[in-house]
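# A look at the structure
Each chain, letter by letter, is given below.
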Amino acid sequence: MSQVKENNTVKVHYTGKITANGQVFDSSLEREPLEFTLGQGQLIPGFENGVVNMKLNEKKTINIPKEEAYGEVREELFQEVNKEELPQDMEPEVGMGLVSRGPDGREHQLRVAEVKEASIIVDANHPLAGQDLTFEIEVLEIK
């Protein structure tokens, strides 16, 4: 029976949960399975490492520490922005997602972390930074 190895392309169904509270943050069960090639850095390291050596149709639960997921929350990724720099019709709220375009034209996903009188604090950390994650994985195909 074949096992997942480095450089294989695999299809998996998964459900991702925050380990601390069991909250599901993503699942492929209601849509197409996730297809990726190991070793290309497309996914967080802990997920790729957890799939290695799994067999076809095998189901497994893996626990991924934050260091192998999205890392620690980095304070330098918080930034204060004057409300004058925001679109006029925007009413910022904590948790609201924003997109910023850098000088190179690339888009950066931000989240409003705090709303002050004349400014907001935005957070450029990944929403799952600082979290240990748990994934339930089923291997559907190995190429």
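Let me sum up the structure you'll find in this document. Per chain, residues are indexed from 1 in the order of the written sequence. Residues qualify for local features only when their pLDDT is at least 70, as the model is predicted, and side-chain atom pairs are given and counted only at 80 or more; totals for whole chains, interfaces and linings, by contrast, use all residues. Side-chain measures here rest on the full set of heavy atoms in the structure, leaving out hydrogens and waters.

A helix here means a DSSP run of H or I that spans at least four residues, while a strand means a run of E at least two residues long, and both kinds are numbered starting from the N terminus. On a plain count of helices and strands, the protein comes out with one helix and nine strands. When its helices and strands are written in sequence order, the protein yields β-β-β-α-β-β-β-β-β-β. The size measure is the radius of gyration over C-alpha atoms, and the globule rule it meets is 2.2 Å times the number of residues to the 0.38 power. Relative to the compact-globule value of 15 Å for 143 residues, the protein shows a C-alpha radius of gyration of 19 Å, a clear excess of over 25%. Projected onto the principal axes, the alpha-carbon positions of the protein cover approximately 60 × 35 × 30 Å. Here the term buried applies to any residue with accessible area under 20% of the maximum for its type, exposed to any over 50%, and partly exposed to those in between, with areas from a 1.4 Å probe on protein chains only. In the protein, which comprises 143 residues, the share counted as buried stands at 33%. Only the protein chains shown count as cover for residues, with accessible areas throughout obtained via the Shrake-Rupley method and a probe of 1.4 Å. Carbon and sulfur atoms form 45% of the exposed surface of the protein, whose accessible area is close to 9200 Å².

To define a nonpolar core, start from buried Ala, Val, Leu, Ile, Met, Phe, Trp, Tyr and Cys residues and group those joined through side-chain atoms within 4.5 Å. With 20 residues, the main nonpolar core has V4, V10, F47, F135 and I137 as its most contacted residues. For this core, the secondary-structure elements that each account for two or more residues are strand 1 (9-18), helix 1 (45-51), strand 4 (59-64) and strand 9 (133-142). Per element, the largest residue contribution to this core is five residues, and it comes from strand 9. Here, two residues are considered to be in contact whenever any of their heavy atoms come within 4.5 Å of each other. If sequence neighbours within four positions are ignored, V4 has contacts with V10, L38, V51, V52, N53, M54, V139 and I142. With eight residues, the next largest nonpolar core counts L86, M90, I120 and V122 among its residues.

The subject of this paragraph is the layout of surface pockets. Any empty space left between the atoms is revealed when a probe the size of a water molecule rolls over them. Cavity: a set of points on a 1 Å grid over the protein atoms alone where a 1.4 Å probe fits but cannot get out. Pocket: an open set with protein on both sides within 12 Å along at least five of seven lines, its lining residues, like those of a cavity, having an atom within 4 Å of a point. Grid points are joined across faces, edges and corners, and a volume is the space filled by probe spheres set on the points. Its boundaries defined by the atoms lining it, the largest pocket holds a volume of some 280 Å³. Taken together, the elements giving at least two residues each to the lining of the largest pocket come down to strand 5 (78-82), strand 6 (97-101), strand 7 (107-115) and strand 8 (119-123). Amino acids are sorted into nonpolar (Ala, Val, Leu, Ile, Met, Phe, Trp, Tyr, Cys and Pro), charged (Asp, Glu, Lys and Arg) and polar (every other residue, Gly among them). Within the lining of the largest pocket, the residues separate by chemical class into nine nonpolar, three polar and two charged. Space inside the second largest pocket adds up to approximately 190 Å³. What lines the second largest pocket is a set of 13 residues, among which Y14, D26, L43, Y70 and F135 lie closest to the centre. Contributions of two or more residues to the lining of the second largest pocket are made by strand 2 (24-27) and strand 9. In the lining of the second largest pocket, the residues fall into ten nonpolar, two polar and one charged.

These figures come from the coordinates and say nothing about function on their own.
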